[in-house]
Amino acid sequence: MAGRINDDDVKAVRDAVPIDSVVSEYLQLRSAGGGNLKGLCPFHDEKSPSFQVSPGKGLFHCFGCQEGGDTIAFVMKIDHLSFSETVERLAAKAGITLRYEEGGYNPSHQRGERIRLIEAHQAAADFYVRALESPEAEIGRKFLAERGFDQEAATHFRVGYSPAGWDHLTRYLRGKGFSDKELITSGLSQDGRRGPIDRFRGRLMWPISDTAGDIVGFGARKLRDDDNGPKYLNTPETPIYKKSQVLYGIDLAKKDIAKASRAVVVEGYTDVMACHLAGVTTAIATCGTAFGNDHIKILRRLLMDNGSARVIFTFDGDSAGQKAALRAFEDDQKFAAETYIAIAPDGMDPCDLRLAKGDDAVRDLVEPRTPLFEFALRQIVGRYDLETPAGRAAALDEAAAVVAKIKTSSVQREVAVQLAGFIGILDQEFVVRRVAQLARWARDKGGEKGGRGGPQDRRGGAPQHSAQAVQAPAAPSGPALNLRSPAHRTERELLKLALQKPALVSPAFDAYGADEFTAPPYAAVRQCIAEAGGAERGLGDDREYLVAVMDAAPDNTVRSLVTELAVEVFMGRTIDETYAGMQLVHVRLRAVDRRIDEVQGSLARLGSNVAPDDLAAAQNEVWVLQQYAQSLRAKGADAL
């Protein structure tokens, strides 16, 4: 069994890999103020960024879905890894050699499955690249050259060749220590009559990477007439490869997509190569499947849905390309970006266009011209004879049903007006009413429950500190957190100070009991801070302190609240000792006033049944508390 990773090494990994650099591999981050960054959450759908990263604290938190934690927690969640797999992966990134406390260094066969499968794909990619230089691969080199790709281009995109024999790669990877089970699971090999054989044989190979840059699969192109397989053969579904969740070229294009707020969606591997070599470095392609919801999520996180974002589809002009465009239009509203379609003259794809007319023609092709909705509606309308009333009515019926799916009423109306023009109907309002009627019928069927972007869609973006109720996590049990409550607002601020700026509230904060916090979730966080060594521990290593507080959380709900409070901005403008003192005083003063009310209430209920000694003790306690409250009101933090 694998040994436990040394705690000091885990800490070294946390410190060595900045959380913002890791998160930036999956989504675009922008300044959120106060040293924090924000982006669209990768763990749930949202229209505006509620996901925040605090580089200084090494934490992330989503105020929409409540996911939060450190760098390790982020990678575990987004890539579905175990704790040890995540630490090993981040350690490799940082160049840290891990120590294992039970049994020494972790041998390769004990490493996590995902890491092993990625390592197998990396080794396979190296093998295929070398094989492209062999005499047998001349046919592959010729294929590339005929499409305008030289050796430098092949090297840049790591294009390779799979030898035509039965088990060349399988034997190579066995020699690298990979088991037959790992090779089958990875999709690099498949079962043969006498054991595993290579899945890809005699083909040109493109490595497919995920957003983080790890190779998770391959696309293989047929080269020989005697190959009875499909023209393109992709890696099958595996634990690390889901074709609906990968985009070829995303590892190369993601930075430029985020920088330019623009993505170009093409149809094939060679099209991506042609675009990038022509200077269109935002090009990506799907891998053997239609462009769908998961692909949209990947792009939205990179584009961050700002008003200038553009997505350009370059579907072929044939019937298959037109169908692809219509499918894309159905998903169009899931983008906040504007979507366009680009079709080259004579229906050429970007690769053919580059060969025929050069790089300038490719760059000109992807300049936005035709909105996707316009192209899609013209394709629908074009199937009917618009010279006849029956043809125009049939065109309206089909196209109006598509326009009715647009959720935003203003956009729906605008497109309906344009649809009237496409069909040749002079009465624009008639078309608008027809579309609105179809939309109402669809809603009445029960399809609209809260609506996209409606109140049931998500809890909300960044935390609202105005007069607005915020629901607490499900546990611990107790009344909902309500930021209209002065007590809850102040307790929240004090906990944020204790987590983010412990020097401003130490050592006074550590004398506060959990019972001084009226909201059970806040009392639970206070208890976590105490178990982690108190706020005074945060005067040393800030990250180590926060990790200790999270580790002390009894469940994920409390842990999520800890990360939320650790990254949330403060309500005050100037966060200094005066501000911290006010929060300390207010929380303590309310606790004192509550105790006074409790004692006096007990005395009132008991009436004359109170023993003289108990009555004297209670009255003395009330007097002492009243004097303390008076001192707090007069002297502020100096009275603590």
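Below is a short write-up of the structure.

Turning our attention to the overall build of the protein chain. From N to C terminus, the protein chain includes 26 helices and 16 strands. Burial statistics for the protein chain: of 640 residues in total, 50% are counted as buried. Partitioning the intrachain contacts of the protein chain with sequence separation of at least 6 by distance along the chain shows that 66% fall at a separation of at least 24.

Below, the discussion takes up the packing of aromatic side chains. Summed over the entire model, instances satisfying the criterion amount to 16 aromatic pairs. Arranged with centres 5.5 Å apart and planes meeting at 80°, the rings of Phe-60 and Phe-74 form a pair that is edge-to-face. Taken together, the residues Phe-60 in strand S4 (residues 59-62) and Phe-74 in helix H3 (residues 71-79) connect sequence positions 14 residues apart. By relative accessible area, which is 1% here, Phe-60 ends up buried. Here Phe-74 falls in the buried class, since its relative accessible area comes to 0%. Members of the aromatic cluster, joined through ring pairs, are Tyr-26, Phe-43, Phe-51, Phe-60 and Phe-74.

On to the pattern of salt bridges. Summed over all chains, the structure comprises 34 salt bridges. Its salt-bridge partner being Asp-126, residue Arg-158 comes within 2.6 Å of it at the nearest N-O pair. One end of the pair, Arg-158, is in the loop between helix H7 (151-156) and strand S6 (160-162); the other, Asp-126, is in helix H5 (residues 113-131), and 32 residues separate them in sequence. Residue Asp-126 is classed as partly exposed on the basis of its relative accessible area of 30%. One salt bridge in this structure joins Glu-568 and Lys-496, with 3.1 Å as the shortest N-O distance. Taken as a pair, Glu-568 in the loop between helix H24 (556-567) and helix H25 (577-606) and Lys-496 in helix H20 (residues 486-500) lie far apart in primary sequence, 72 residues in all. Note on Glu-568: relative accessible area 0%, which makes it buried.

Further remarks concern helix H18 (residues 409-423). Across its 15 residues, H18 extends 21 Å between first and last C-alpha, which sits within 8% of the 21 Å expected from 1.5 Å per residue. Two residues or fewer after H18 comes Gly-424, characterised by a positive phi angle close to 95°.

Moving on to the environment of Arg-383. Structurally, Arg-383 can be placed in the loop between helix H16 (372-381) and helix H17 (389-403). Taking the C-alpha atoms as reference, Arg-383 lies 9.7 Å from Ala-394; in sequence the two are 11 residues apart. In this structure the side chain of Arg-383 is engaged in a polar contact, spanning 2.4 Å, whose partner is the side chain of Glu-398.

Membership of the largest hydrophobic core comes to 45 residues, with the highest contact counts inside it found for Leu-144, Val-159, Leu-204, Trp-206 and Tyr-248. Discounting chain neighbours no more than four positions away, the residues touching Leu-204 are Leu-132, Gly-140, Phe-143, Leu-144, Val-159, Gly-160, Gly-219, Ala-220, Arg-221 and Leu-223. One finds Val-505, Val-547, Ala-553 and Ala-566 within the second-largest nonpolar core, a separate group that totals 39 residues.

Strand order in the open sheet formed by four strands is S6-S9-S10-S11, with antiparallel pairing between adjacent strands. For this open sheet the edge positions go to S6 and strand S11 (232-234), each flanked by a neighbour on one side alone. On average, each strand axis in the sheet is tilted by 35° relative to the strand beside it, whichever way the strands run. In the sheet, strand S10 (residues 215-222) pairs with S11 via three bridges, with the strands oriented antiparallel. The partner of Arg-221 across the bridge, within S11, is Tyr-232. Lying over the sheet, helix H11 (residues 269-277) contacts strand S9 (203-209), S10 and S11, oriented at roughly 70° with respect to S9.

Bringing unusual backbone geometry into the picture now. Residue Pro-507 is reached from Ser-506 by a cis peptide bond, and omega for that bond is 0°. Phi at Arg-158 is positive, roughly 55°, even though this residue is not glycine. Of note in this structure, Ser-261 is not a glycine but carries a positive phi near 50°.

Judged by which residues are buried, strand S3 (residues 51-54) turns out to be covered on both faces: Phe-51 and Val-53 on one side and Gln-52 and Ser-54 on the other are all buried. Sheet topology note: the strand S2 (residues 36-39)/S3 ladder contains three bridges and is antiparallel. Bridged to Leu-37 within S3 is Val-53. Two elements, S3 and S4, share four bridges in a ladder whose sense is antiparallel. Across the sheet, residue Phe-51 finds its bridge partner in S4, namely Cys-62. Connecting the antiparallel pair S3 and S4 is a turn made up of four residues, with Gly-58 showing a positive phi of about 70°.

Within the open sheet, the five strands sit side by side as S13-S12-S14-S15-S16. Their pairing is mixed. In this open sheet, the two strands that pair with only one neighbour each are strand S13 (283-285) and strand S16 (370-371). Relative to S16, strand S15 (residues 338-341) is paired through two bridges, and the arrangement is antiparallel. Note that in S16 the partner of Tyr-340 across the bridge is Pro-371. The sheet contacts of helix H10 (residues 250-260) involve strand S12 (262-266) and S13, and relative to S13 the element is tilted by about 130°. Against the sheet, H11 engages S12 and S13, with an angle of about 175° to S13.

So, about the environment of Leu-546. Considering the arrangement of structural elements, one finds Leu-546 in helix H23 (residues 542-551). For the pair Leu-546 and Leu-499, spaced 47 residues apart in sequence, the C-alpha to C-alpha distance is 7.0 Å. Apart from residues no more than four positions distant in its own chain, Leu-546 is found in contact with Lys-57, Leu-59, Leu-499 and Ala-566.

Moving on, we get to the packing of helix H1 (residues 7-16) against helix H4 (residues 83-94). Taken N-terminus to C-terminus, the directions of H1 and H4 make an angle of 55°; their axes are 9 Å apart at the nearest point. Relative to H4, the element H1 lies oblique. In terms of crossing hand, the pair formed by H1 and H4 is left-handed. Where H1 abuts H4, its residues Val-10, Val-13 and Ala-16 lie against Phe-83, Val-87, Leu-90, Ala-91 and Ala-94. Residue composition of the contact of H1 with H4, grouped by class: eight nonpolar, no polar and no charged.

Quick notes on the rules
- Residues numbered from 1 in each chain as written.
- Predicted model: local features only at pLDDT ≥ 70, side-chain atom pairs only at ≥ 80, totals over all residues.
- Heavy atoms only, no water.
- Helix = DSSP H or I, 4+ residues; strand = E, 2+ residues; numbered from the N terminus.
- Buried < 20%, exposed > 50% of the residue type's maximum accessible area, 1.4 Å probe, protein only.
- Contact = heavy atoms within 4.5 Å.
- Phe/Tyr/Trp six-rings, centres within 6.5 Å; stacked < 30°, edge-to-face > 60°.
- Salt bridge = Lys/Arg side-chain N within 4 Å of Asp/Glu carboxyl O.
- Expected span 1.5 Å × (residues − 1).
- Polar contact = N/O pair within 3.5 Å; in protein donor to acceptor, adjacent residues only side chain to side chain.
- Core = buried A, V, L, I, M, F, W, Y, C linked by side-chain atoms within 4.5 Å.
- Pairing = 2+ DSSP bridges.
- Axes fitted to C-alpha atoms, helices over the stretch in contact; angles between N-to-C directions.
- Parallel < 35°, antiparallel > 145°, perpendicular 65-115°, else oblique.
- Left-handed = near helix turned anticlockwise from the far one by under 90°.
- Nonpolar A, V, L, I, M, F, W, Y, C, P; charged D, E, K, R; others polar.

Such coordinate-based values are descriptive only and should not be taken to indicate function.
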